[in-house]
Amino acid sequence: MKDGLLTDRQKEVLRYRKSGMTQQQVADIIHTSKANVCTIEKSAMENIQHAKDTLYFFHTLDARHLCTLEAGSDLFDSEALIFKEAGKIGIIVATDWMNLINRLRAEVPNRIHGRLIRQDIEVFLRNDGNLVFG
């Protein structure tokens, strides 16, 4: 049965995999092949990515592109750039420096390593001062 974007079987496989089980262990438990577990997991992850992409689109509908945090730059320099660009358009960012850094690390962790921005991060600013990262 499908409540949201994931079937019950996809949820079950993801729970087992998240707990640290191998695909073969999951296959043994749910009485299927390892290849089928791989397919189920891959489909679930694609559905999750589609959901993330949809939410990103939704959250940037009423936002304007503020700036790009460029690959190779220092994460700690992003605060000055973001606040400066927001000031140019007259919108106060609804966060402080520490929360900004923590949000970046939480929302786009694969694009940051330590203080290094590994991949470009697009920053959008909504009229209410909230930031969206993509």
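You'll find the structure just up there.
Now for a quick tour of the structure.

What counts and what doesn't
- Residues numbered from 1 in each chain as written.
- Predicted model: local features only at pLDDT ≥ 70, side-chain atom pairs only at ≥ 80, totals over all residues.
- Heavy atoms only, no water.
- Helix = DSSP H or I, 4+ residues; strand = E, 2+ residues; numbered from the N terminus.
- Rg over C-alpha atoms; globule rule 2.2 N^0.38 Å.
- Buried < 20%, exposed > 50% of the residue type's maximum accessible area, 1.4 Å probe, protein only.
- Contact = heavy atoms within 4.5 Å.
- Lys, Arg positive; Asp, Glu negative; His and termini not counted.
- Charge placed at Lys NZ, Arg CZ, Asp CG, Glu CD.
- Phe/Tyr/Trp six-rings, centres within 6.5 Å; stacked < 30°, edge-to-face > 60°.
- Pairing = 2+ DSSP bridges.
- Axes fitted to C-alpha atoms, helices over the stretch in contact; angles between N-to-C directions.
- Arc of directions from axis to C-beta.

Thoughts on the overall build of the protein chain
Next up, step 1: Per the secondary structure count, the protein chain includes five helices and five strands.
Next up, step 2: Mapped from its N terminus to its C terminus, the protein chain presents α and β elements in the order α-α-α-β-α-α-β-β-β-β.
Next up, step 3: Computed over its C-alpha atoms, the radius of gyration of the protein chain comes to 19 Å, more than 25% above the 14 Å expected for a compact globule of 134 residues.
Next up, step 4: Counting only C-alpha atoms and orienting by the principal axes, one finds that the protein chain spans roughly 60 × 30 × 20 Å.
Next up, step 5: A buried classification covers 30% of the 134 residues belonging to the protein chain.
Next up, step 6: Expressed as a percentage of contacts within the protein chain between residues at least 6 apart in sequence, the contacts between residues at least 24 apart total 58%.
Next up, step 7: Each charge class in the protein chain can be summarised by its mean position, and for the 18 positive and 18 negative side chains these summaries are 4 Å apart.

Regarding the packing of aromatic side chains
Next up, step 1: Under the criterion given, the structure shown has two aromatic pairs.
Next up, step 2: Residues Tyr56 and Phe124 carry aromatic rings whose centres are separated by 5.9 Å and whose planes lie at 80° to one another, so their mutual orientation is edge-to-face. Of this pair, Tyr56 sits in helix α3 (residues 34-60) while Phe124 sits in strand β4 (residues 121-126); the two residues are 68 residues apart in sequence, bridging distant segments of the chain.
Next up, step 3: Note on Tyr56: relative accessible area 29%, which makes it partly exposed.
Next up, step 4: By relative accessible area, which is 14% here, Phe124 ends up buried.
Next up, step 5: Between Phe76 and Trp97, the ring centres sit 5.4 Å apart and the planes meet at 65°, which makes this aromatic pair edge-to-face. Placement of Phe76 in the loop between β1 (63-69) and α4 (78-88) and of Trp97 in helix α5 (residues 97-107) is noted, with a sequence separation of 21 residues between them.

What to know about the sheet that holds β4
Next up, step 1: A sheet is described by the order of its strands in space; here three strands give the open sequence β1-β4-β5, paired in antiparallel fashion. Lying at the two open borders of the sheet, with one neighbouring strand each, are β1 and β5 (131-133). Each adjacent strand pair in this sheet contributes to an overall mean axis angle of 30°, direction not counted.
Next up, step 2: For β4 and β5, the ladder comprises three bridges, and the chain directions are antiparallel.

What about helix α2 (residues 23-30)?
Next up, step 1: Listed as buried for α2 are Gln23, Val26, Ala27 and Ile30. The buried residues of α2 all sit within an arc of 100° when viewed along its axis, so they share a single face.
Next up, step 2: Of the surrounding elements, those touching the buried residues of α2 are α1 (8-18) and α3.
Next up, step 3: At the exit of α2 stands His31, carrying a positive phi of roughly 60°.

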